[in-house]
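# Chains, contacts and geometry: an overview
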Amino acid sequence: MKSIITRKNVVLLGGLVLLVILLGVADATLNNYYLRILQLIGIYIVLTASLNLTNGFTGDFSLGHAAFMAIGGYTSALLTMPLAARALQLAELPVWFQEFVSPFPLATVFGGILAAIIALPVGLVVLRLRGHYLAVATLGLLIIVKSIASNWEPVTRGARGLSGLNAETNLWWAFGWAVITIFVVWRMVHSPFGRSMIAVRDDSVAAASRGVHVFRIRLVAFIMSAFFGGVGGALLAHQLTAITPPTFSFDLTFLIVIMLVIGGSGSVTGSVIGAIIMTILPVILRDLERRFDLPGVSQIIIAAALIAFMIFRRQGLMGHRELHPSTWFMKKPATPASVDAPQQ
Amino acid sequence: MANGTGVAGASAATASEGAFLEVAGLGVTFGGLTALSGFGLNLEQGRLLGIIGPNGAGKTTLFNLLTGLVRPTTGSVVLEGRDITGAKPHVLADAGVARTFQNIRNIRGLSVIDNVKVALGLHESPSLLSTIFFTPAYRSGQFRTEQKARTLLQLLNLDDVRNLPGDGLPYGAQRRLEIACALALEPKLLLLDEPAAGMNPTETIELMELIKRVHREFGLTIMLIEHNVHFIMNTCERIQVLNYGQLIADGEPSYIRKHPAVIEAYLGAGAHDA
């Protein structure tokens, strides 16, 4: 058994310390505008890395991530809402609930758990489908969730939404959850579980014949993905401090999918890179747009860039490869691309 | 063994007690097309059975039925007294049925050794929590898996290429990888679907030796589909012949070689009179 103090772990720990220092410096020096962008990066890392479990590694193309975000967002908002706001907004709910305020971390976890619980029956139904059919079915889930949020007046306040939340999401929570998500996803992917996921993605018939319980693997990936989707929704809700049904839009679901595709579905580090790029790029472009007084151009540029990207680098920036810190200081690992098999 | 032109129907259900594999009246129809009908087989443990027949005779369909990829419309399959008719593929893998595919199906996105580890996961699958928290039990489990995988790869002469992608090997090596994955399931019954297809004569001879060796060393019961008649006559102790979804002959190689229905299926009517 290897010691826990390996070169890899030292590098990872160093990276973690560096991240903490950088976040500390950012927290102390940056103004609110930039802090919010950084928080968004953390939140989108949570969302993209978790969507990667289904879309990237198991090959189940889901468009329902915003639905799980909505479940997590509304659940956590209901749990943390300050008493004053509660009395105004949730007067129709039972008295015990109006007096129960949960701390933010707990509410975040609850949001994730409820999203995961709902993912179970949903997964049992929609995972009978694959490919385009599954994508459309998960989009249907988003429509259902939004329509419940729009009409369940006593709980969600319909179109008015829930507001007056404390701005609990800070850099530490956003990146803390980002690190947890990356860690969990990385551990899952680099385990017997992840091997089965990739086998299911590449050839589910062969996987089944090799003893993989295909449906269970897909279901667990879907549920784990939903958990972090719910957590991401909770983080977003407590950054915005107010949520309405349109917060969890088709645009949002597609944005996360785009982040994943840009970074490279099937790569954990790729999903992180995709989340960072697709958060920062629109901000920079919007800034330029304002400076040169060309409203709307940033959208066109991003769309054109996406098309070009899909033509020239369909596999995303990372493809199926990983950017692994521990390999930066070592010899280059043999890339699987060189296939001059030494035949015996 | 040879039970004549055994068109074994439902009567095979009354087979000798304790037979290893008992198949009776097995059949499947796709729409109006009967791919296989009334297939019967009683196989003792440790046998090496060959299955031959012209293209479209239903050989691969038979394997698909036995491994759960296709559900039978009629009939039953009993393995070691356990009814496994129409069970799911992973259940059958667990029950001890492993197979290889005619068109090689290794996992593209996984290395050679990880392909084997997927199959080894059948017997060593840690919980999600122990995976995430990297518990000692998890690590020792993965250590065992690594050792087992290396042993299998060495046996099949694949250890040197273990870090290459699953589909990045020469043809013969990919066949061996499929067999390694099948063996990783620790099966009782191994189904090989045209393992020598697309191989050159040298590779075919090596494979023939390998199959015999695996049969011997693992004490496996093997069913083998093959078009290469020389290969099958030299490897198998018993041969079944399928034609148009029907079992037309069943017996030892010398018996099959002279069987009129077999000659007719391969060479056309009247050929045996000439």
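Just so you know, these numbers come straight off a predicted model, no measurement behind them. In every chain, residue numbers begin from 1 and rise along the written sequence. Think of it this way: whatever chain is written first is A, whatever ligand is written first is 1, and the rest follow in order. For this predicted model, a pLDDT threshold of at least 70 governs which residues receive local features, and a threshold of 80 or more governs which side-chain atom pairs are given and counted, while totals over whole chains, interfaces and linings are taken from all residues. Computation of side-chain values: all heavy atoms of the structure, hydrogens and water removed.

In terms of helices and strands, chain B carries 10 helices and 10 strands. Against the globule reference of 19 Å for 274 residues, chain B gives a C-alpha radius of gyration of 20 Å, in line with a compact fold. Counting only C-alpha atoms and orienting by the principal axes, one finds that chain B spans roughly 70 × 40 × 35 Å. Burial status follows relative accessibility: with a 1.4 Å probe on protein chains alone, a residue under 20% of its type maximum counts as buried, one over 50% as exposed, and anything between as partly exposed. For chain B, with 274 residues in total, the buried portion stands at 56%. Residue contacts are counted whenever heavy atoms from the two residues lie within 4.5 Å of one another. Nonlocal contacts in chain B, meaning residues at least 24 apart in sequence, comprise 67% of its contacts between residues at least 6 apart. Of the accessible surface of chain B, which amounts to about 11400 Å², a share of 52% is contributed by carbon and sulfur atoms. Numbered from the N terminus, helices here are DSSP runs of H or I no shorter than four residues, and strands are runs of E no shorter than two. Throughout, radius of gyration means the C-alpha value; the globule benchmark is 2.2 Å times the number of residues raised to the power 0.38. Surface accessibility follows the Shrake-Rupley procedure with a 1.4 Å probe radius. Residue values consider only the protein chains on display as shielding.

So, on to the confidence of the model for chain B. Across chain B, pLDDT averages 87, with 91% of residues at or above 70. Each residue gets a pLDDT score, which is the predictor's confidence in that residue and runs from 0 to 100. When the criterion is pLDDT under 50, residues 1-16 of chain B qualifies, and its contacts beyond four places in sequence or with other chains add up to 26 contacts.

What follows covers the packing of helix α2 (residues 32-58) of chain A against helix α9 (residues 171-189) of chain A. Residues and elements named next belong to chain A. Structural elements are reduced to axes, namely lines fitted to C-alpha atoms, with helices fitted over the stretch in contact, and the angle between N-to-C directions of any two is expressed from 0 to 180 degrees. Contact pair α2 / α9: the axes reach a minimum separation of 8 Å and the direction vectors enclose 20 degrees. Regarding the angle of α2 to α9, the classification is roughly parallel. For the pair α2 and α9, the crossing hand works out as left-handed. Between α2, through Leu35, Leu38, Gln39, Ile41, Gly42, Ile43, Ile45, Val46, Ala49, Ser50, Leu53 and Phe57, and α9, the contact on the second element is made entirely by Leu171, Ala174, Phe175, Trp177, Ala178, Thr181, Ile182, Val185, Met188 and Val189. Basically, the charged four are Asp, Glu, Lys and Arg, the nonpolar ten are Ala, Val, Leu, Ile, Met, Phe, Trp, Tyr, Cys and Pro, and anything else, Gly included, counts as polar. Residues that form the contact of α2 with α9 fall into these classes: 18 nonpolar, 4 polar and no charged. Roughly parallel means an angle under 35 degrees; roughly antiparallel means over 145; roughly perpendicular covers 65 to 115; every other angle is labelled oblique. Here is the rule for handedness: rotate from the far helix to the near one, and if that takes an anticlockwise turn smaller than a right angle the crossing is left-handed, while a clockwise turn gives right-handed.

With that settled, consider the nonpolar core. In this text, buried Ala, Val, Leu, Ile, Met, Phe, Trp, Tyr and Cys residues form a nonpolar core when linked through side-chain atoms within 4.5 Å. Core analysis: the largest hydrophobic core is formed by 98 residues, its most contacted members being Phe68, Leu162, Phe248 and Leu252 of chain A. When residues in this core are grouped by element, the largest group, 14 residues, is from helix α12 (residues 214-240) of chain A. The residues contacting leucine 252 of chain A, other than those within four sequence positions of it, are Tyr44, Ala66, Met69, Leu236 and Thr247 of chain A. Listed in part, the 49 residues of the second largest apolar core include Ala173, Cys181, Leu190 and Met233 of chain B.

Turning to the packing of helix α13 (residues 250-263) of chain A against helix α14 (residues 268-292) of chain A, a few remarks are in order. Residue and element names in this part refer to chain A. Relative to each other, α13 and α14 sit at 120 degrees, their axes nearing to 7 Å. Looking at the two axes, α13 sits oblique to α14. With respect to the hand of their crossing, α13 and α14 are arranged in right-handed fashion. For the pair α13 and α14, the contacting residues are Leu255, Ile258, Met259, Leu260, Ile262 and Gly263 in the first and Gly270, Ser271, Gly274, Ala275, Met278 and Thr279 in the second. Classifying every residue of the contact of α13 with α14 gives 7 nonpolar, 5 polar and no charged.

With that out of the way, let us pick up the packing of aromatic side chains. Pairing of aromatic side chains here covers Phe, Tyr and the six-membered ring of Trp, requires ring centres within 6.5 Å, and sorts the geometry by plane angle: under 30 degrees stacked, over 60 edge-to-face, intermediate tilted. Counting across every chain of the model gives 6 aromatic pairs over all chains. Taking the centre distance of 5.5 Å and the plane angle of 80 degrees together, the rings of phenylalanine 68 of chain A and phenylalanine 222 of chain A count as edge-to-face. With phenylalanine 68 of chain A in helix α3 (residues 65-80) and phenylalanine 222 of chain A in helix α12, this pair connects stretches of sequence that are 154 residues apart. Looking at phenylalanine 68 of chain A, the relative accessible area reads 2%, which means it is buried. Residue phenylalanine 222 of chain A is classed as buried on the basis of its relative accessible area, which comes to 3%. Note on phenylalanine 227 of chain A and phenylalanine 228 of chain A: the rings are 5.0 Å apart at their centroids and 85 degrees apart in plane angle, and the pair reads as edge-to-face. Across this residue pair, the class does not change: phenylalanine 227 of chain A and phenylalanine 228 of chain A are buried. By the criterion adopted, a ring carries a charge over it if an Arg CZ or a Lys NZ lies within 6 Å of its centre and within 35 degrees of its normal. Across the ring face of phenylalanine 250 of chain A, the terminal group of lysine 146 of chain A is positioned such that the distance to the ring centre comes to 5.5 Å. Taking the ring centre of phenylalanine 101 of chain B as reference, the NZ or CZ of arginine 105 of chain B above it sits at 5.1 Å.

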